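Results of the structural survey
Listed here are the chains, written in short residue letters.
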Amino acid sequence: MKNEMWSGRFSEASDELLKEFNASLNIDKALFEEDIKGSIAHASMLESCAILTSDELKAIIKGLEQVKSEIEQGRFVFDIKDEDIHMAVEKRLSEIIGSEIGGRLHTARSRNDQVATDFKLFVKKSHSELILFLKELIATIISHAKEHKNTIMPSFTHLQHAQPISFSFYILAYAFMFMRDIKRLQNSLELADFSPLGSCACAGTSYATNREFSAKMLDFKDIMPNAMDGVSDRDFALDLLYDIAVIFTHTSRLCEEMILFSSSEFGFLTISDSFSTGSSIMPQKKNPDVCELIRGKTGRVYGNLISLLTTMKALPLAYNKDMQEDKEGLFDSVKTAKDSLIILNAMLKEIQINKNNMLNACKKGHLLATDLADYLVREKNIPFRRAHFIVGNVVAQAEKQGIDISEIKDLSKIDPIFDEKAMRLLNFENSLNSKQSEGSSSVKSVEKQIQILEDFLKKISQ
């Protein structure tokens, strides 16, 4: 028996293996809200163009709302024979209002533009949700930054001690990464804000439709101007997958440092017990599993991006069944990103900053060496390369004595070029606030950075 809604051209029923292999219903049923919303907009457009009557539109909308209610309440029976959510909804609609009216809904559209529209609506919604979670994460970072403008810690290059900074300055670096992530999502959302609905299979339709009507009803900025591009484009999905991949590049870096900084070797911070786990054999263990899992999930979201890029590579126009593989990876990346941002934010709110450990760590690695070199250039008017050599010798002498240069009692005994003014530079707080360039580690600069972020959050919340 041929049950498929498209089976009129076929003389034989589909093989059961094909039905299972061909179906996407188990994946794309997540789009039921978008599918019903898109169908209501399409039907409303058809009525506005006198292709449907007012009574037919009312019946279709009422039936679609019943289908939505049945799905939400768990009463809808999903049948793999329906292939996808689009066919499942349309079949149930025809059962409710009759096939004579229900069958008119698909006039002037194809599953090709229907699925592209549903998918775009989901992607647009996902952009907005991710932006919200990133805003909350930035707000948490700002709260730490305000509290720790004078909490001194070492910075690192090559994971070696570099210069003194504040914890505020350190953590704000991630806030600016997440700010760029929001801007990237906003840019991608703008590119995705064009409706493919009404493109039909690939060449448009002979009906006198109004695509702008349905686009406006679905809150799209405009329509896709080329029908073939409308049904075959998946740039919007690739853009979101890329945006999420970059988000995880940033979160994985932050999580890696949370793992390092919470270890016994660093002891810079303590992760709350609420967001840690223990060992099945070692009673003393406290593992930073949240950070490790986010770091690990980065591989999954990278893989989802590469998977769709590979699927879309060299596909001929227009729609191809390959493109059915576009949703599972994206759904996974969106859920992974939302879950990870939520728990990362919750964990960061509860971290404890160990100020003394951070300050004590500054007394290793000769963090004030650059300050001495800059002093020689500025006060003694010597070339920086010579200053670099002189201070390098100071570091070498300190190493021989087994001390940090911040512990030297008299620099002039090492080199007479140094005076009492130079000795006053051997102070971490002075080093922090001596920076005058924009974007530096001084308290004044940090306060300006906080203001930039707060202004940004305020602007995008309006």
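Keep in mind it's a predicted model, so treat the numbers as computed, not measured. (Residues numbered from 1 in each chain as written. Predicted model: local features only at pLDDT ≥ 70, side-chain atom pairs only at ≥ 80, totals over all residues. Heavy atoms only, no water.)

If you check helix α11 (residues 235–261), its first and last C-alpha atoms are 39 Å apart, about what 27 residues at 1.5 Å a residue would give, namely 39 Å. Within α11, 19 of the 27 residues are buried, leaving the element largely enclosed by the surrounding structure. (Helix = DSSP H or I, 4+ residues; strand = E, 2+ residues; numbered from the N terminus. Expected span 1.5 Å × (residues − 1). Buried < 20%, exposed > 50% of the residue type's maximum accessible area, 1.4 Å probe, protein only.)

Nonpolar side chains in soluble globular proteins generally cluster together in the buried interior. Ranked by size, the top nonpolar core spans 71 residues in total, and within it I138, Y170, L254, L330 and M347 carry the most contacts. Within the residue set of this core, elements represented by two or more residues are α7 (111–147), α8 (167–192), α11, α12 (289–312), α13 (327–349), α14 (355–361) and α19 (443–461). When residues in this core are grouped by element, the largest group, 14 residues, is from α11. Residues in contact with L330, not counting those within four places in the same chain, are F119, F122, V123, A237, L240 and L241. Residues C362, V394, I408 and L426 belong to the second largest nonpolar core, which totals 27 residues. (Core = buried A, V, L, I, M, F, W, Y, C linked by side-chain atoms within 4.5 Å. Contact = heavy atoms within 4.5 Å.)

With that settled, the discussion passes to the pairing of strand β2 (residues 160–166). Two elements, strand β1 (residues 152–157) and β2, share 5 bridges in a ladder whose sense is antiparallel. For P154, the partnering residue across the bridge sits in β2 and is P164. A loop of 2 residues connects β1 with β2, the two strands running antiparallel in sequence, and H158 in this loop sits at a positive phi of about 60°. (Pairing = 2+ DSSP bridges.)

UniProt marks residues 367–433 with the feature "domain: Argininosuccinate lyase C-terminal" (unreviewed entry), using the numbering shown here. Measuring from the first to the last C-alpha atom of residues 367–433 gives 14 Å, for a span that is 60% helix and 0% strand. (UniProt positions renumbered as here; feature names shortened; annotations may be inferred.)

Right, let's get into the pattern of salt bridges. In the structure shown here, the tally under the stated rule is 25 salt bridges. Close ionic contact of D193 with K124 constitutes a salt bridge, the shortest N to O distance being 2.7 Å. Of this pair, D193 sits in the loop between α8 and β3 (194–195) while K124 sits in helix α7, and the two are 69 residues apart along the sequence. The pair D193 / K124 is uniform in exposure class, with both members buried. (Salt bridge = Lys/Arg side-chain N within 4 Å of Asp/Glu carboxyl O.)

What follows is about the packing of helix α3 (residues 32–48) against helix α4 (residues 54–72). Following both chains from N to C, one finds α3 and α4 inclined at 175°, their axes separated by 10 Å at the closest point. What the angle tells us is that α3 and α4 run roughly antiparallel. Contacts between α3 and α4 involve F32, E33, I36, S39, I40, A43, S44 and E47 on the former and, on the latter, S54, L57, I60, I61, L64, V67, K68, I71 and E72. Split into classes, the residues belonging to the contact of α3 with α4 amount to 10 nonpolar, 3 polar and 4 charged. (Axes fitted to C-alpha atoms, helices over the stretch in contact; angles between N-to-C directions. Parallel < 35°, antiparallel > 145°, perpendicular 65-115°, else oblique. Nonpolar A, V, L, I, M, F, W, Y, C, P; charged D, E, K, R; others polar.)

With that settled, the discussion passes to the packing of aromatic side chains. Under the definition given, this model contains 12 aromatic pairs. Between the aromatic rings of F76 and F78, the centroid separation amounts to 4.8 Å while the plane-to-plane angle is 55°, which identifies the pairing as tilted. Judged by its relative accessible area of 10%, F76 is buried. Geometrically, the ring pair formed by F156 and F266 is edge-to-face, given 5.9 Å between the ring centres and 70° between the ring planes. A residue pair is termed long-range when its members are at least 10 positions apart, and F156 in strand β1 and F266 in the loop between α11 and β5 (269–270) qualify at 110 residues. On the basis of relative accessible area, F156 is assigned to the partly exposed category, the value being 21%. A network of ring pairs unites the aromatic residues F156, F167, Y170, Y174, F261, F266 and F268 as a single cluster. Above the face of the F78 ring, K29 is positioned so that its terminal group lies 5.2 Å from the ring centre. Directly above the aromatic system of F220 lies the positively charged group of K124, at a separation of 4.4 Å from the ring centroid. (Phe/Tyr/Trp six-rings, centres within 6.5 Å; stacked < 30°, edge-to-face > 60°. Lys NZ or Arg CZ within 6 Å of the ring centre and 35° of its normal.)

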